[in-house]
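# Chains, contacts and geometry: an overview
So the chains spell out like this:
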Amino acid sequence: MKPGSTLIVSFDGLRPDRVTADLMPNLAAFMAEGVRFANARSVFPSETRVAVTSTFTGNPPRWHGMIANRFRHAAVPEEPVRTGLVEDLLRVAGRGPLIHRPALGDRLAAAGRSMVVVSTASTGATHMMNPNAVTNGHETFCCHPTPDMSPTLKAEAEALLGPVPETARPNNARIDYARRVLTDIVWPTRDPDVAVIWMNDPDLTSHAFGVRAPETEASQRLTDAAFGEILAGWRAGRGPEHLIVMSDHGQITGSATASPDMDLPAEYRDRLVSGVFNGLWLDDPAPADLARAVDVLSEMPWCGLVFTGRAGAPAVPGTLPFPLVGQGHALAPPIAFTLRSTGPDEASDAGAERRYFTEGIDIGGGMHGGLNRGELATVLAGAGPQFRAGFVSDTPCWLPDITPTVLALLGLSTEDTSGRVLAEAFADGPEPPRAAQTVNSVEHRGFQQHLAVWDVEGKSVIDCGWTAGTGAWR
Ligand SMILES: [Zn+2]
């Protein structure tokens, strides 16, 4: 066990209100034991690869440039980058920088420290946990074939555990396999400074069945059981000094399908990369072109919040400026919008405002990516010798704060991170900083957009966004 060493355990798509003592007894007990961050948030868009990159660079997309799960990239103009596929990411990396801030693994390598990633997530998400793992001399174990895979770790896993089981919903066979790679191989033989175990449930199961479905609850119990094995080993003195448990975003249950590709004027269709986060990639638009797009979008029943103002440009009227949501990298589209999802989280709330989604999720399935608080709220907790015990921190925090906090535990520099060291959670830390919330609002012809953002010592954390009214002024 190395001083300051830390294991990051991620439950993909786990919304914090779903962590109950009944469904997840090990996680609930752990969160009560150390520090629980009661106002933890994802980034925007609340999509996995954006969240992973923000977590492991300590910056929101405005600075690292991984702006969405799927987006047009100037270096590969042929077709949108599908960030879940490592081959797409490597194509970008072959033509220019993949990201524009160093990752945690790069910082650790420069300091002579070790890192191991064990993941059941996609090859793309796994890659972004330590994008230069191979050149950093770090090991990665992924349940999918990928050039990131450490051949040594793969051979050791197969010798001890046999082949990787097939994926399933719930994905417990794979998650148990990955857990054993961590506790039965990595811990006794590697003892890394930083380890990551990324479990792609409950996200995978919740997408298919919905946030509160029995299948999703079963996946929560099973991921909690895997965590229980990690926790038991750690309490027995195995593994690292510190445990940080997180989720990358929440989920809400979708109630209606939107088809921006079909509904928008024909001239926009081949300019659109749709999802919960939608980019409209107009070529060098003049302000009047953007104003017209705002008029069109405001009329759409599925339109959520609209953003403009990439790379320091001013936002056009009727939209919110990208930097308010930690966006606006030069790689961002000139105009982006979310799908409307302002109602409560429950699909069963008939008559509530609809929560729209696209892309192969059945009605009643879970989704994320937007600014609904149910999508943005995350699990975050830490325990170990440098953390306080039995402490609930109300101070708002978000994914970019995780890498600076891990670096602080290891005594390393946090330069070039824009997240905050969550020092108020440390046993010898200061009093919690002051946090103030501002609601930013714009209205365009009766269509209202609102975005609640906290300021914590000059650093922003997004709480949530919502819309009201319609733009149907004609
Ligand atoms: Zn995710």
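- Per an unreviewed UniProt entry, the protein is named AlkP superfamily pyrophosphatase or phosphodiesterase, and its organism is Acuticoccus sediminis.

## Concerning the sheet that holds strand β16 (residues 335-339)
- The five strands are arranged β12-β13-β16-β14-β15 in an open sheet whose pairing can be described as mixed. The open sheet terminates on both sides in strands that have one partner only, identified here as β12 (272-273) and β15 (320-321).
- Alignment of strand β13 (residues 277-280) against β16, held across four bridges, turns out to be antiparallel. If you follow Asn 278 over to β16, its bridge partner there is Phe 337.
- The strands touched by helix α14 (residues 287-298) are β13, β14 (303-308) and β16; relative to β14, the strand with the most contacts, the crossing angle is about 170°.

## Some words on the environment of Ile 197
- The topology assignment puts Ile 197 in strand β8 (residues 194-199).
- A residue is classified by how many C-beta atoms lie within 10 Å of it, and Ile 197, with 25 of them, is buried.
- C-alpha of Ile 197 to C-alpha of Thr 467: the two residues are 270 residues apart in sequence and 36 Å apart in space.
- With sequence-adjacent residues up to four places away left out, Ile 197 is seen in contact with Val 9, Val 118, Ala 178, Arg 179 and Leu 182.

## What about the domain arrangement of the protein?
- Partitioning the protein into domains gives domain 1 (6-250 + 373-425) and domain 2 (254-371 + 436-473).
- Distance from the C-alpha centre of domain 1 to the C-alpha centre of domain 2: 27 Å.
- In this complex, domain 1 contributes 37 residues to the contact, which on the side of domain 2 involves 32 residues.
- Its residues assigned to classes, the side of domain 1 that touches domain 2 shows 17 nonpolar, twelve polar and eight charged.

## A short note on the pairing of strand β22 (residues 435-444)
- Examined bridge by bridge, β22 and strand β23 (residues 447-456) share ten bridges and lie antiparallel to one another. Within β23, the position partnered with Val 442 by the bridge is Gln 449.
- Connecting the antiparallel pair β22 and β23 is a turn made up of two residues, with Arg 445 showing a positive phi of about 55°.

## Quick look at helix α2 (residues 48-57)
- In terms of burial, α2 is largely enclosed, as ten of its ten residues are buried.
- Buried within α2 are the following residues: Thr 48, Arg 49, Val 50, Ala 51, Val 52, Thr 53, Ser 54, Thr 55, Phe 56 and Thr 57.
- Contact partners of the buried residues in α2: α3 (61-64), α5 (104-110), α6 (123-129) and α16 (402-409).
- Backbone geometry just downstream of α2 places Gly 58 in the positive-phi region, at approximately 75°.

## Looking at unusual backbone geometry
- A cis amide bond links Phe 44 to the next residue, Pro 45, at an omega of -5°.
- Structurally, the position occupied by Pro 45 is in the loop between β3 (40-41) and α2.
- Pro 202 follows Asp 201 through a cis peptide bond whose omega is 10°.
- Following the sequence through the fold, Pro 202 ends up in the loop between β8 and α10 (203-209).
- Look at Asp 284: it is not a glycine, yet its phi comes out positive at around 40°.
- Here Asp 284 is to be found in the loop between β13 and α14.
- Positive phi is not limited to glycine here, since Glu 457 has a value of about 50°.
- Judged by local crowding, Glu 457 falls into the exposed class, with 9 C-beta atoms found within 10 Å.

## Focus on helix α1 (residues 25-33)
- Among all positions in α1, only Asn 26, Leu 27, Phe 30 and Met 31 are buried. On an axial view of α1, the arc spanned by its buried residues comes to 130°, and they lie on one face.

## What about the packing of α1 against helix α11 (residues 214-235)?
- The contact between α1 and α11 brings their axes to 7 Å, and the two run at 50°. Comparing the axis directions of α1 and α11 gives the class oblique. Between α1 and α11, the contacting residues are Pro 25, Asn 26, Leu 27 and Phe 30 on the first element and Asp 224, Phe 227, Gly 228 and Leu 231 on the second.
- Of the residues in the contact of α1 with α11, the class split is five nonpolar, two polar and one charged.

## Thoughts on the packing of helix α8 (residues 151-161) against helix α9 (residues 172-189)
- In contact at an axis separation of 11 Å, α8 and α9 are set at 105° when each is read in the N-to-C sense. Considering their axes alone, α8 and α9 lie roughly perpendicular with respect to each other. Across from Leu 153, Glu 156, Ala 157, Leu 160 and Leu 161 in α8, the residues of α9 making contact are Tyr 177, Arg 180, Val 181, Asp 184 and Ile 185.

Criteria and cut-off values
- Residues numbered from 1 in each chain as written.
- Predicted model: local features only at pLDDT ≥ 70, side-chain atom pairs only at ≥ 80, totals over all residues.
- Pairing = 2+ DSSP bridges.
- Helix = DSSP H or I, 4+ residues; strand = E, 2+ residues; numbered from the N terminus.
- Contact = placed C-beta atoms within 7 Å.
- Axes fitted to C-alpha atoms, helices over the stretch in contact; angles between N-to-C directions.
- Buried ≥ 20, exposed ≤ 12 C-beta atoms within 10 Å, placed from the backbone.
- Domains from an automatic or database assignment.
- Nonpolar A, V, L, I, M, F, W, Y, C, P; charged D, E, K, R; others polar.
- Arc of directions from axis to C-beta.
- Parallel < 35°, antiparallel > 145°, perpendicular 65-115°, else oblique.

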